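# Working through the structure, step by step
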Amino acid sequence: GAGVSQSPSNKVTEKGKDVELRCDPISGHTALYWYRQSLGQGLEFLIYFQGNSAPDKSGLPSDRFSAERTGGSVSTLTIQRTQQEDSAVYLCASSLTGLDEQFFGPGTRLTVL
Amino acid sequence: EDKVVQSPLSLVVHEGDTVTLNCSYEVTNFRSLLWYKQEKKAPTFLFMLTSSGIEKKSGRLSSILDKKELFSILNITATQTGDSAVYLCAVHNNAGNMLTFGGGTRLMVKP
């Protein structure tokens, strides 16, 4: 596609429920990143995928967070047993090689009630 | 741990003013520094800087990197209301993984 797309754009859920957030990177981009931005805060790295290599999960805040990338393209970020502190905008980005500029999707705004 | 600090935290100017946004960093094995503009949710890419002293320019925006003093500036001349946004600075290390972002500078341009 022309850019990175994410869905849903907004998600409201109840505490304790699981959520799945989806990211479609730019076609041909080998690297895919997930970031989180809490209200008024900077972007916080969560996880990075590069080609077929094992993902860098060093930024995941707890074991309730997981992500996968199928076929080297679409990625899904899953948050289990959501907590109110998980409320944030979740941004996905992709880059051609992993060493160049990252292009961001529009984000998913997650609200946990 | 890589660290990026931006200043000022926020800035209010009037149309036509020139602004300078600052970004200082500490990073192991520096690869590049990037500037993004964030108006609503998605940051949009502005510049990537890898070499000291070479100005990158796009219209009224320009940026330069000083790898000795570990900082970069983003200049916006003849500001317009459409420049109102949060400007984010990020650094990329040679591990090639994530960007480390600063907290951003919120710019408001008044008519």
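Here we summarise the structure given alongside this text. Computed from a predicted model, the values in this text were never measured in an experiment.

Here we come to the state of the cysteines. All names here are of chain A. Scanning the model with the defined rule gives two disulfides over all chains in all. Linked covalently through their sulfurs, C23 and C92 form a disulfide whose S-S length is 1.9 Å. Disulfide C23-C92: torsion about the S-S bond near -65°, hence left-handed. Of this pair, C23 sits in strand β3 (residues 19–24) while C92 sits in strand β8 (residues 88–95); the two residues are 69 residues apart in sequence, bridging distant segments of the chain. Residues C23 and C92 agree in their burial class; the two are buried.

Time to look at the interface of chain A and chain B. Contact residues are listed per partner, giving 23 residues for chain A and 18 residues for chain B. With both sides pooled, the region where chain A packs onto chain B buries about 1600 Å², and carbon together with sulfur makes up 59% of that total. At the boundary of chain A and chain B, one finds zero salt bridges. Secondary-structure elements contributing two or more residues to the side of chain A that touches chain B are β4 (31–37), β5 (43–50), β8 and β9 (103–104) of chain A. Of the residues belonging to the side of chain A that touches chain B, the class tally is 11 nonpolar, eight polar and four charged.

The subject of this paragraph is the side chain of Q102 of chain A. Note on placement: Q102 of chain A falls in the loop between β8 and β9. A polar side-chain atom of Q102 of chain A sits 2.8 Å from a polar atom in the side chain of Y35 of chain A. Beyond its immediate sequence surroundings of up to four residues, Q102 of chain A is in contact with Y33, Y35, A93, S94 and S95 of chain A together with L34, Y36, N97, M98 and L99 of chain B.

What counts and how
- Residues numbered from 1 in each chain as written.
- Chains lettered and ligands numbered in written order.
- Predicted model: local features only at pLDDT ≥ 70, side-chain atom pairs only at ≥ 80, totals over all residues.
- Heavy atoms only, no water.
- Disulfide = S-S within 2.5 Å.
- Helix = DSSP H or I, 4+ residues; strand = E, 2+ residues; numbered from the N terminus.
- Buried < 20%, exposed > 50% of the residue type's maximum accessible area, 1.4 Å probe, protein only.
- Contact = heavy atoms within 4.5 Å.
- Buried area = accessible area lost by both parts, 1.4 Å probe.
- Salt bridge = Lys/Arg side-chain N within 4 Å of Asp/Glu carboxyl O.
- Nonpolar A, V, L, I, M, F, W, Y, C, P; charged D, E, K, R; others polar.
- Polar contact = N/O pair within 3.5 Å; in protein donor to acceptor, adjacent residues only side chain to side chain.

Geometric descriptors of this kind do not, in isolation, establish any biological role.
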